[in-house]
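The primary structure of each chain is shown beneath.
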Amino acid sequence: MSLFKRSIAEMFGTFWLVFGGCGAAVIAAGYPTLGIGYAGVALAFGLTLLTMAFALGHVSGCHLNPAVSVGLVVAKRFPVKELPAYVLAQVVGGIFASAVLYQVASGKPGFTLGNFASNGYADHSPDHYSLAACFLIEAVLTAFFLLVILGSTDERAPKGFAPIAIGLCLTLIHLISIPVTNTSVNPARSTGPAIFVGGWAISQLWLFWVAPILGAIAGAVISNAFFAAPQETVREAMSKE
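Being a predicted model, the structure only gives us computed values, none of them experimental. (Residues numbered from 1 in each chain as written. Predicted model: local features only at pLDDT ≥ 70, side-chain atom pairs only at ≥ 80, totals over all residues. Heavy atoms only, no water.)

Draft legend 1. Structural context of the overall build of the chain. The helix and strand tally for the chain stands at 10 helices and 0 strands. The order of α-helices and β-strands along the chain, N terminus first, is α-α-α-α-α-α-α-α-α-α. Seen along its three principal axes, the alpha-carbon backbone of the chain occupies a region of about 55 × 35 × 30 Å. Per-residue burial for the chain yields a buried fraction of 52% across its 241 residues. Across the chain, the fraction of contacts at a sequence separation of at least 24, relative to all contacts at a separation of at least 6, is 79%. (Helix = DSSP H or I, 4+ residues; strand = E, 2+ residues; numbered from the N terminus. Buried < 20%, exposed > 50% of the residue type's maximum accessible area, 1.4 Å probe, protein only. Contact = heavy atoms within 4.5 Å.)

Here is the structure:
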(Lines give C-alpha, C1' and ligand atoms only; values in the text may rest on other atoms or scores of the structure.)
Protein backbone atom coordinates (compact mmCIF):
# COMPACT_ATOMS: atom_id res chain seq x y z
CA MET A 1 0.00 0.00 0.00
CA SER A 2 1.05 3.60 -0.49
CA LEU A 3 2.93 5.45 2.24
CA PHE A 4 -0.03 7.81 2.58
CA LYS A 5 -2.47 4.98 3.31
CA ARG A 6 -0.05 3.32 5.69
CA SER A 7 0.42 6.62 7.51
CA ILE A 8 -3.34 7.01 7.80
CA ALA A 9 -3.45 3.53 9.34
CA GLU A 10 -0.80 4.61 11.84
CA MET A 11 -2.82 7.71 12.72
CA PHE A 12 -6.03 5.76 13.35
CA GLY A 13 -4.17 3.03 15.20
CA THR A 14 -2.44 5.52 17.48
CA PHE A 15 -5.77 7.25 18.04
CA TRP A 16 -7.19 3.95 19.30
CA LEU A 17 -4.17 3.29 21.51
CA VAL A 18 -4.28 6.71 23.18
CA PHE A 19 -8.07 6.96 23.37
CA GLY A 20 -8.43 3.44 24.74
CA GLY A 21 -5.55 3.51 27.18
CA CYS A 22 -5.74 7.08 28.39
CA GLY A 23 -9.53 6.94 28.26
CA ALA A 24 -9.47 4.00 30.66
CA ALA A 25 -7.22 6.01 32.98
CA VAL A 26 -9.23 9.25 32.83
CA ILE A 27 -12.77 7.85 32.78
CA ALA A 28 -12.78 4.38 34.28
CA ALA A 29 -9.77 3.92 36.58
CA GLY A 30 -11.40 5.25 39.75
CA TYR A 31 -15.09 5.35 38.85
CA PRO A 32 -16.43 6.39 41.37
CA THR A 33 -15.01 4.06 43.99
CA LEU A 34 -15.14 0.73 42.13
CA GLY A 35 -13.10 1.53 39.03
CA ILE A 36 -10.79 -0.64 36.99
CA GLY A 37 -7.62 0.58 38.77
CA TYR A 38 -4.03 0.32 37.56
CA ALA A 39 -4.47 -3.26 36.39
CA GLY A 40 -7.48 -2.31 34.28
CA VAL A 41 -5.63 0.59 32.68
CA ALA A 42 -2.66 -1.66 31.92
CA LEU A 43 -4.98 -4.18 30.29
CA ALA A 44 -6.70 -1.43 28.29
CA PHE A 45 -3.39 -0.32 26.77
CA GLY A 46 -2.50 -3.90 25.94
CA LEU A 47 -5.88 -4.61 24.37
CA THR A 48 -5.78 -1.51 22.19
CA LEU A 49 -2.41 -2.54 20.78
CA LEU A 50 -3.40 -6.18 20.37
CA THR A 51 -6.60 -5.33 18.50
CA MET A 52 -4.89 -2.83 16.22
CA ALA A 53 -2.02 -5.23 15.54
CA PHE A 54 -4.54 -7.73 14.18
CA ALA A 55 -6.50 -5.02 12.35
CA LEU A 56 -3.64 -2.97 10.89
CA GLY A 57 -0.44 -4.97 11.27
CA HIS A 58 -0.66 -6.18 7.67
CA VAL A 59 -1.28 -2.61 6.47
CA SER A 60 1.36 -0.49 8.23
CA GLY A 61 3.16 -2.83 10.61
CA CYS A 62 1.18 -1.24 13.48
CA HIS A 63 4.02 0.72 15.07
CA LEU A 64 1.73 3.33 16.71
CA ASN A 65 4.79 4.72 18.46
CA PRO A 66 7.66 6.94 17.25
CA ALA A 67 10.14 5.09 19.45
CA VAL A 68 9.13 1.77 17.91
CA SER A 69 9.48 3.22 14.41
CA VAL A 70 12.98 4.49 15.24
CA GLY A 71 13.92 1.13 16.72
CA LEU A 72 12.69 -0.69 13.63
CA VAL A 73 14.80 1.61 11.45
CA VAL A 74 17.88 0.78 13.55
CA ALA A 75 17.04 -2.93 13.31
CA LYS A 76 16.73 -2.57 9.51
CA ARG A 77 13.11 -3.67 9.60
CA PHE A 78 11.70 -0.34 8.40
CA PRO A 79 13.01 2.17 5.81
CA VAL A 80 14.36 5.40 7.24
CA LYS A 81 12.88 7.46 4.39
CA GLU A 82 9.37 6.60 5.66
CA LEU A 83 10.11 7.47 9.30
CA PRO A 84 9.00 11.15 9.25
CA ALA A 85 5.59 10.30 7.76
CA TYR A 86 4.97 7.59 10.36
CA VAL A 87 6.05 9.77 13.30
CA LEU A 88 3.89 12.67 12.14
CA ALA A 89 0.88 10.39 11.71
CA GLN A 90 1.38 8.86 15.15
CA VAL A 91 1.65 12.23 16.90
CA VAL A 92 -1.42 13.57 15.08
CA GLY A 93 -3.36 10.45 16.07
CA GLY A 94 -2.35 10.88 19.71
CA ILE A 95 -3.36 14.55 19.76
CA PHE A 96 -6.68 13.84 18.04
CA ALA A 97 -7.45 11.07 20.54
CA SER A 98 -6.68 13.38 23.44
CA ALA A 99 -8.97 16.05 21.99
CA VAL A 100 -11.87 13.59 21.70
CA LEU A 101 -11.18 12.24 25.18
CA TYR A 102 -11.19 15.78 26.59
CA GLN A 103 -14.56 16.47 25.01
CA VAL A 104 -16.03 13.27 26.45
CA ALA A 105 -14.51 13.66 29.93
CA SER A 106 -15.47 17.33 30.22
CA GLY A 107 -19.11 16.39 29.62
CA LYS A 108 -19.37 15.18 33.23
CA PRO A 109 -20.55 17.77 35.76
CA GLY A 110 -17.74 18.89 38.03
CA PHE A 111 -15.03 17.73 35.62
CA THR A 112 -11.49 18.84 36.49
CA LEU A 113 -8.58 18.24 34.15
CA GLY A 114 -6.10 16.94 36.72
CA ASN A 115 -3.10 15.29 35.12
CA PHE A 116 -5.27 13.92 32.26
CA ALA A 117 -3.17 10.71 32.14
CA SER A 118 -0.03 12.75 31.41
CA ASN A 119 3.39 11.31 32.11
CA GLY A 120 5.65 12.95 34.65
CA TYR A 121 8.64 12.64 36.93
CA ALA A 122 9.59 13.90 40.42
CA ASP A 123 6.62 15.84 41.83
CA HIS A 124 4.50 14.77 38.85
CA SER A 125 5.35 11.08 39.08
CA PRO A 126 2.32 9.24 40.50
CA ASP A 127 4.46 8.04 43.42
CA HIS A 128 7.10 10.81 43.23
CA TYR A 129 9.95 8.85 41.65
CA SER A 130 13.06 10.82 40.74
CA LEU A 131 13.94 12.02 37.25
CA ALA A 132 16.75 9.46 37.06
CA ALA A 133 14.47 6.58 38.09
CA CYS A 134 11.81 7.63 35.59
CA PHE A 135 14.33 7.98 32.77
CA LEU A 136 15.82 4.58 33.51
CA ILE A 137 12.54 2.68 33.66
CA GLU A 138 11.25 4.27 30.45
CA ALA A 139 14.45 3.40 28.59
CA VAL A 140 14.68 -0.17 29.93
CA LEU A 141 11.03 -1.02 29.32
CA THR A 142 11.12 0.36 25.78
CA ALA A 143 14.25 -1.64 25.05
CA PHE A 144 12.51 -4.86 26.10
CA PHE A 145 9.40 -3.82 24.17
CA LEU A 146 11.54 -3.70 21.02
CA LEU A 147 13.03 -7.08 21.80
CA VAL A 148 9.53 -8.56 22.00
CA ILE A 149 8.39 -6.83 18.80
CA LEU A 150 11.44 -7.89 16.83
CA GLY A 151 11.47 -11.41 18.23
CA SER A 152 7.77 -12.12 17.78
CA THR A 153 7.81 -10.89 14.16
CA ASP A 154 10.99 -12.82 13.33
CA GLU A 155 10.44 -15.24 10.44
CA ARG A 156 11.60 -18.07 12.75
CA ALA A 157 8.93 -17.28 15.37
CA PRO A 158 5.55 -19.08 15.46
CA LYS A 159 3.20 -17.44 12.96
CA GLY A 160 0.06 -15.61 14.00
CA PHE A 161 0.99 -14.88 17.61
CA ALA A 162 2.94 -11.62 17.32
CA PRO A 163 -0.03 -9.32 18.13
CA ILE A 164 -0.76 -11.33 21.28
CA ALA A 165 2.85 -11.23 22.47
CA ILE A 166 3.18 -7.52 21.73
CA GLY A 167 -0.14 -6.61 23.37
CA LEU A 168 0.64 -8.63 26.49
CA CYS A 169 4.10 -7.07 26.65
CA LEU A 170 2.57 -3.58 26.70
CA THR A 171 0.18 -4.72 29.43
CA LEU A 172 3.10 -5.96 31.52
CA ILE A 173 5.01 -2.73 30.93
CA HIS A 174 2.09 -0.75 32.33
CA LEU A 175 1.67 -3.07 35.31
CA ILE A 176 5.28 -2.34 36.21
CA SER A 177 5.54 1.38 35.61
CA ILE A 178 2.22 3.19 36.06
CA PRO A 179 3.20 4.19 39.62
CA VAL A 180 6.55 5.50 38.35
CA THR A 181 5.71 7.64 35.30
CA ASN A 182 2.10 6.81 34.40
CA THR A 183 3.88 4.76 31.69
CA SER A 184 4.85 6.25 28.38
CA VAL A 185 7.27 4.10 26.33
CA ASN A 186 5.61 6.04 23.50
CA PRO A 187 6.25 9.71 22.69
CA ALA A 188 2.97 10.05 20.76
CA ARG A 189 0.99 8.74 23.73
CA SER A 190 2.73 11.31 25.95
CA THR A 191 2.38 14.28 23.61
CA GLY A 192 -1.42 14.23 23.22
CA PRO A 193 -2.38 14.56 26.91
CA ALA A 194 0.52 16.94 27.63
CA ILE A 195 -0.80 19.47 25.12
CA PHE A 196 -4.09 19.70 27.02
CA VAL A 197 -2.48 19.85 30.47
CA GLY A 198 0.20 22.34 29.41
CA GLY A 199 2.64 23.79 31.95
CA TRP A 200 4.52 21.09 33.79
CA ALA A 201 3.41 18.35 31.36
CA ILE A 202 4.94 20.20 28.41
CA SER A 203 8.13 21.02 30.33
CA GLN A 204 8.61 17.35 31.26
CA LEU A 205 7.65 15.95 27.86
CA TRP A 206 11.28 15.82 26.70
CA LEU A 207 11.95 12.79 28.92
CA PHE A 208 9.13 10.84 27.32
CA TRP A 209 10.63 11.40 23.90
CA VAL A 210 14.31 10.94 24.74
CA ALA A 211 14.16 7.92 27.08
CA PRO A 212 11.85 5.75 24.93
CA ILE A 213 13.78 6.51 21.75
CA LEU A 214 17.13 5.71 23.38
CA GLY A 215 15.63 2.55 24.84
CA ALA A 216 14.25 1.52 21.46
CA ILE A 217 17.63 2.05 19.83
CA ALA A 218 19.29 -0.04 22.55
CA GLY A 219 16.72 -2.82 22.10
CA ALA A 220 17.26 -2.85 18.35
CA VAL A 221 21.05 -2.93 18.71
CA ILE A 222 20.87 -5.81 21.20
CA SER A 223 18.50 -7.74 18.96
CA ASN A 224 20.70 -7.25 15.90
CA ALA A 225 23.86 -8.16 17.78
CA PHE A 226 22.66 -11.33 19.46
CA PHE A 227 19.39 -12.65 18.07
CA ALA A 228 18.60 -11.47 14.55
CA ALA A 229 18.89 -13.10 11.16
CA PRO A 230 18.19 -11.18 7.93
CA GLN A 231 14.52 -10.22 8.09
CA GLU A 232 11.81 -8.63 5.99
CA THR A 233 9.99 -5.52 7.21
CA VAL A 234 7.61 -5.85 10.13
CA ARG A 235 4.63 -5.01 7.91
CA GLU A 236 5.46 -7.89 5.57
CA ALA A 237 5.99 -10.23 8.51
CA MET A 238 2.62 -9.28 10.04
CA SER A 239 0.84 -9.78 6.72
CA LYS A 240 1.81 -13.46 6.77
CA GLU A 241 0.24 -14.10 10.13
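So that's the structure; there's more coming.
Draft legend 2. Quick look at the side chain of Asp154. By the element assignment, Asp154 lies in the loop between α5 (131-152) and α6 (162-181). For Asp154, the contacting residues outside a window of four places in its chain are Arg77, Lys159, Phe227 and Gln231.

Draft legend 3. Representation of the pattern of salt bridges in the model. Per the counting criterion, the structure on display carries 2 salt bridges. With a shortest N-O distance of 2.6 Å, Asp154 and Arg156 are connected by a salt bridge. You can call Arg156 exposed: its relative accessible area is 53%. (Salt bridge = Lys/Arg side-chain N within 4 Å of Asp/Glu carboxyl O.)

Draft legend 4. Region of interest: the nonpolar core. Ranked by size, the top nonpolar core spans 59 residues in total, and within it Leu49, Leu72, Phe145 and Leu170 carry the most contacts. Among the secondary structure elements, those contributing two or more residues to this core are α1 (3-28), α2 (37-60), α3 (66-74), α4 (83-105), α5, α6, α7 (187-197) and α9 (207-226). It is α2 that provides the largest number of residues to this core, a total of 9 residues. Leaving out residues up to four positions away in the same chain, Leu49 has contacts with Leu17, Cys62, Leu64, Phe145, Ile166 and Leu170. (Core = buried A, V, L, I, M, F, W, Y, C linked by side-chain atoms within 4.5 Å.)

Draft legend 5. Structural detail: the state of the cysteines. Using the criterion set out here, one finds 0 disulfides in the structure. Note on Cys62: no disulfide assigned, nearest cysteine sulfur contributed by Cys169 at a separation of 14 Å. The class for Cys62 is buried, based on a relative accessible area of 8%. Here Cys134 is not disulfide-linked; the sulfur of Cys22 is the nearest cysteine sulfur, at 17 Å. Exposure remark for Cys134: the relative accessible area of 0% places this residue in the buried category. (Disulfide = S-S within 2.5 Å.)

Draft legend 6. The packing of α3 against α9, seen in detail. Running from N to C, α3 and α9 cross one another at 30 degrees; their axes reach a closest spacing of 8 Å. Judged by the inter-axis angle, α3 sits roughly parallel to α9. By crossing handedness, the relation of α3 to α9 is classed as right-handed. Taking contact as the criterion, the partners of Pro66, Ala67, Val70, Gly71 and Val74 in α3 are, on α9, Trp209, Pro212, Ile213, Ala216, Ile217, Ala220, Val221 and Asn224. (Axes fitted to C-alpha atoms, helices over the stretch in contact; angles between N-to-C directions. Parallel < 35°, antiparallel > 145°, perpendicular 65-115°, else oblique. Left-handed = near helix turned anticlockwise from the far one by under 90°.)

Draft legend 7. Main features of α4. An ideal rise of 1.5 Å per residue puts 33 Å on 23 residues; α4 measures up with 33 Å between its terminal C-alpha atoms. Residues of α4 that are buried include every one of Leu83, Tyr86, Val87, Ala89, Gln90, Val91, Gly93, Gly94, Ala97, Ser98, Leu101 and Ala105, and no others. (Expected span 1.5 Å × (residues − 1).)

Draft legend 8. Representation of α5 in the model. Helix length check: α5 (22 residues) gives 32 Å between terminal C-alpha atoms against 32 Å at 1.5 Å per residue, within 8%. All of the buried residues along α5 are Cys134, Ile137, Glu138, Ala139, Leu141, Thr142, Ala143, Phe145, Leu146, Ile149, Leu150 and Ser152. Where α5 is buried, its residues meet α2, α3, α6 and α9.

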